[in-house]
Amino acid sequence: MFSFFKKKKNIVKEKESPVSHVEKFSNIEPLLKYFQEETGITFEEQIDIFINKVILFCKQRNIYSFCELMKILKNDNIIKQDFVDYLTTNETYFYRELKQIKQCVEFAKKENKSIKILCAPSATGEEPYSIAIAMLEAGIPANQIHITGIDINREALQKAKQAIYKERNIHNLPLQILEKYFIKENDKYLLKENIKSLDFLHNPKLVQKLLLLKHEEL
Ligand SMILES: C[S@@+](CC[C@H](N)C(=O)[O-])C[C@H]1O[C@@H](n2cnc3c(N)ncnc32)[C@H](O)[C@@H]1O
């Protein structure tokens, strides 16, 4: 006899009693300190924003206290990276720091040889790509330019590799540059392949050291 013809036994299932979790979102200090040590980022006068964002992060993952989150962050690198991605701001645009970019180009021209540039933090790519475009516009041959972009935010680096931008990211570019280096598709601006061939690394610890060093030097 096939098993599905057998009469099912009456199994009386015990009703699962709902577990009530008490939320304990108090004492943010250890998390603030941990985040600063890991990234170099301080929230200073924006602690309320930090607290609200952390609470939302916890609730989305059924984590009920800052203390519990801290334990998880120390043991789970995936959640830790999600946490860093969630709390870092990557908004930027092309030709944002034009004065610095021009100085970089002048330096490269004087060197007149192959040059390696480290762009830290590179966020979603606007800054390293701006440097590349400015170098090409100044007549520096493409094979002399090697730019590496690094950032602590994994999603930012993925976007940098895709190099698809919105109006607000390209608003500072002269029209002639825009037409030369981008392809417009609906409301998006796609960077042309010859500019996209940069390196993008992801090494938070290295970047953290670099940024902290820079900070100490100031
Ligand atoms: C507002 S963006 C600036 C990007 C670029 N330098 C520019 O001016 O266009 C700030 C970036 O710094 C990154 N960042 C913050 N702390 C970092 C750290 N310790 N190591 C690496 N990247 C970091 C963030 O992920 C974010 O992408």
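Refer to the preceding data block for the structure.
The present account deals with the structure reproduced in this document. Note that the structure is predicted; figures quoted are calculated from it, not measured.

Cut-offs used in this document
Residues numbered from 1 in each chain as written. Predicted model: local features only at pLDDT ≥ 70, side-chain atom pairs only at ≥ 80, totals over all residues. Heavy atoms only, no water. Helix = DSSP H or I, 4+ residues; strand = E, 2+ residues; numbered from the N terminus. Buried < 20%, exposed > 50% of the residue type's maximum accessible area, 1.4 Å probe, protein only. Pairing = 2+ DSSP bridges. Polar contact = N/O pair within 3.5 Å; in protein donor to acceptor, adjacent residues only side chain to side chain. Contact = heavy atoms within 4.5 Å. Axes fitted to C-alpha atoms, helices over the stretch in contact; angles between N-to-C directions.

1. Overview of the overall build of the protein
- When helices and strands are tallied, the protein shows 11 helices and 6 strands.
- The buried share among the 218 residues of the protein stands at 35%.

2. Remarks on the sheet that holds strand β4 (residues 182-185)
- The antiparallel open sheet is built from 3 strands, whose spatial order is β3-β5-β4. Of all the strands in the sheet, just β3 (164-165) and β4 have a single pairing partner and so form its edges.
- When β3 meets strand β5 (residues 188-191), the two strands line up antiparallel, connected through 2 bridges. Across the sheet, Tyr165 pairs through a bridge with Tyr189, a residue of β5.

3. Focus: the side chain of Thr88
- Tracing the sequence through the fold places Thr88 in the loop between α4 (77-87) and α5 (98-111).
- Of note is the side chain of Thr88, whose polar atom sits 2.7 Å from the backbone oxygen of Val84.
- Within the local environment of Thr88, its side chain forms a polar contact with the side chain of Asn153, the two groups lying 2.7 Å apart.
- Sequence-distant contacts of Thr88, defined by excluding residues within four places in its chain, comprise Ile41, Ile152 and Asn153.

4. Some points on the sheet that holds strand β6 (residues 199-201)
- Reading across the sheet, the 3 strands line up as β1-β2-β6 and stay open at both edges, with parallel pairing between neighbours. Bordering the open sheet on either side are β1 (115-119) and β6, each of which pairs with just one other strand. Neighbour to neighbour, the strand axes of the sheet diverge by 20° on average, direction disregarded.
- Both strand β2 (residues 145-150) and β6 contribute to a ladder of 3 bridges, which runs parallel. Across the sheet, residue Gly149 finds its bridge partner in β6, namely Phe200.

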